[in-house]
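Structural characterization, general
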Amino acid sequence: MAAERDITESWSRLQVELSARRIAEDRVDFSTSAPFAGLRLVGGVDISYPRGDEGSDTAVVALTVLAFPSLDVLYAHSEAVAITAPYIPGFLAFRESAAYRAAFDRLRRSHPELWPQVVMVDGNGTLHPRRFGSACHVGVEMDVPTIGVAKNLLHIKGTDADAKQLKRLFAEDPELQEAPISAGSEIYGVAVAPAGESAKNPIFVSPGHRVSMRTAVELARCCSVHRVPEPIRVADLRSREVARQMEQGLFDSEA
DNA sequence: GCGACAG
DNA sequence: ATCTTGTCGC
């Protein structure tokens, strides 16, 4: 059975269809200039997978809401979620978006006043083969402004970007702040120099929904104290912590 | 045919 | 994503 090829074709078509609903310009309720006046709440989401059984279909999703510009953590929730779809490069949203929706639903009913004005997603936005990565998918589905932030470069044919070259480029030139990733005149995303002094590898930023490329990059930088922007970094820490507890719990119950 | 590929 | 301790540096 050529199962994966079929599902991939189906998903690919769906991405193209949904991308028609993506808004590439800034359409948010705060200023998209310099200090981002009016921006108070920035969200972040991430998912961690407990180690162990390969067939494990349980993961931990975390959603955070930080105050801007203080970056104080106002909300951080994580919960176990069932993961059914496999991870296939270029189709991450089909594996994780349902979990994100569940997390947002919980926030909406428990702390509606903390609904974020923009959300950073652990993955890519337009830095994707069909310009519709996980951040775009989640943004369009929930009609929430999103920004994609990836720690590694997703290979896109036609693009001249190479992870190793970019890594060297940023390591050798401390002055370098950004490097666009494009194919011809089409810009997919931007490799951004890591915040802080210890990290050298860039992060890859691209707009998801209702945010421009420029705003996506600027906001990612304004929310960073370490390599990974705070909203996502905190979500990563929280989901990871719970994932470990789950491993421990499984171990104890089996003993 | 081999390589490369967010999490 | 995850498997993993120490270690170099501020």
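Please refer to the structure higher up on the page.
Everything numeric here is computed off the predicted structure, so don't read it as measured data. (Residues numbered from 1 in each chain as written. Chains lettered and ligands numbered in written order. Predicted model: local features only at pLDDT ≥ 70, side-chain atom pairs only at ≥ 80, totals over all residues. Heavy atoms only, no water.)

Glancing now at the overall build of chain A. Counting its regular elements, chain A contains 6 helices and 8 strands. Starting at the N terminus and ending at the C terminus, chain A contains elements arranged as α-β-β-β-α-β-α-β-α-β-β-β-α-α. Relative to the 2.2 N^0.38 estimate, which gives 18 Å for 255 residues, the radius of gyration of chain A is 18 Å and therefore close to what a compact globule would have. Oriented by its inertia axes, the alpha-carbon framework of chain A measures out at about 55 × 50 × 40 Å. Residues counted as buried form 48% of the 255 residues belonging to chain A. (Helix = DSSP H or I, 4+ residues; strand = E, 2+ residues; numbered from the N terminus. Rg over C-alpha atoms; globule rule 2.2 N^0.38 Å. Buried < 20%, exposed > 50% of the residue type's maximum accessible area, 1.4 Å probe, protein only.)

A separate point is the protein's contact with DNA strand C. What surrounds DNA strand C is the set Ser48, Tyr49, Arg51, Lys151 and Arg240. Take the atoms of DNA strand C that sit within 4 Å of the protein: sugar and phosphate atoms are 100% of them. In this structure, Arg51 approaches DNA strand C through a side-chain N or O atom, which is 2.8 Å from a phosphate oxygen. Residue classes in the surface near DNA strand C are distributed as 1 nonpolar, 1 polar and 3 charged. (Near = heavy atom within 4 Å. Polar contact = N/O pair within 3.5 Å; in protein donor to acceptor, adjacent residues only side chain to side chain. Nonpolar A, V, L, I, M, F, W, Y, C, P; charged D, E, K, R; others polar.)

Residues in close proximity to DNA strand B total 20 residues, the closest being Tyr87, Gly90, Asn124, Lys151 and Asn152. At the protein interface, 48% of the atoms of DNA strand B within 4 Å belong to sugar or phosphate. A distance of 2.9 Å separates a base nitrogen of DNA strand B from a polar atom in the backbone of Asn124. Considering only residue class, the surface near DNA strand B consists of 8 nonpolar, 8 polar and 4 charged.

An order of 3-2-1-4-5-8-7-6 is seen for the 8 strands of this open sheet, with the pairing classed as mixed. Two strands close off the open sheet at either side, each with one partner strand: strand 3 (73-82) and strand 6 (178-183). Adjacent strand axes in the sheet meet at a mean angle of 25°, parallel and antiparallel pairs treated alike. Against the sheet, helix 2 (residues 93-110) contacts strand 1 (41-48), strand 2 (58-67), strand 3 and strand 4 (118-122), and its axis sits at roughly 135° relative to strand 3. Of the strands in this sheet, strand 4, strand 5 (146-150), strand 6, strand 7 (186-192) and strand 8 (203-209) touch helix 5 (residues 213-222), which is tilted by about 125° from strand 8. (Pairing = 2+ DSSP bridges. Axes fitted to C-alpha atoms, helices over the stretch in contact; angles between N-to-C directions. Contact = heavy atoms within 4.5 Å.)

The next thing to look at is the packing of helix 2 against helix 3 (residues 134-142). Interaxial distance between helix 2 and helix 3 falls to 10 Å at its minimum, and their mutual angle equals 45°. Accordingly, the angle class assigned to the pair helix 2 and helix 3 is oblique. Regarding helix 2 and helix 3, the two cross each other, and that crossing is right-handed. Of the residues in helix 3, those in contact with Ala93, Phe94, Ser97, Tyr100, Arg101 and Phe104 of helix 2 are Ser134, His137, Val138, Glu141 and Met142. Here the contact of helix 2 with helix 3 is built from residues that sort into 6 nonpolar, 3 polar and 2 charged. (Parallel < 35°, antiparallel > 145°, perpendicular 65-115°, else oblique. Left-handed = near helix turned anticlockwise from the far one by under 90°.)

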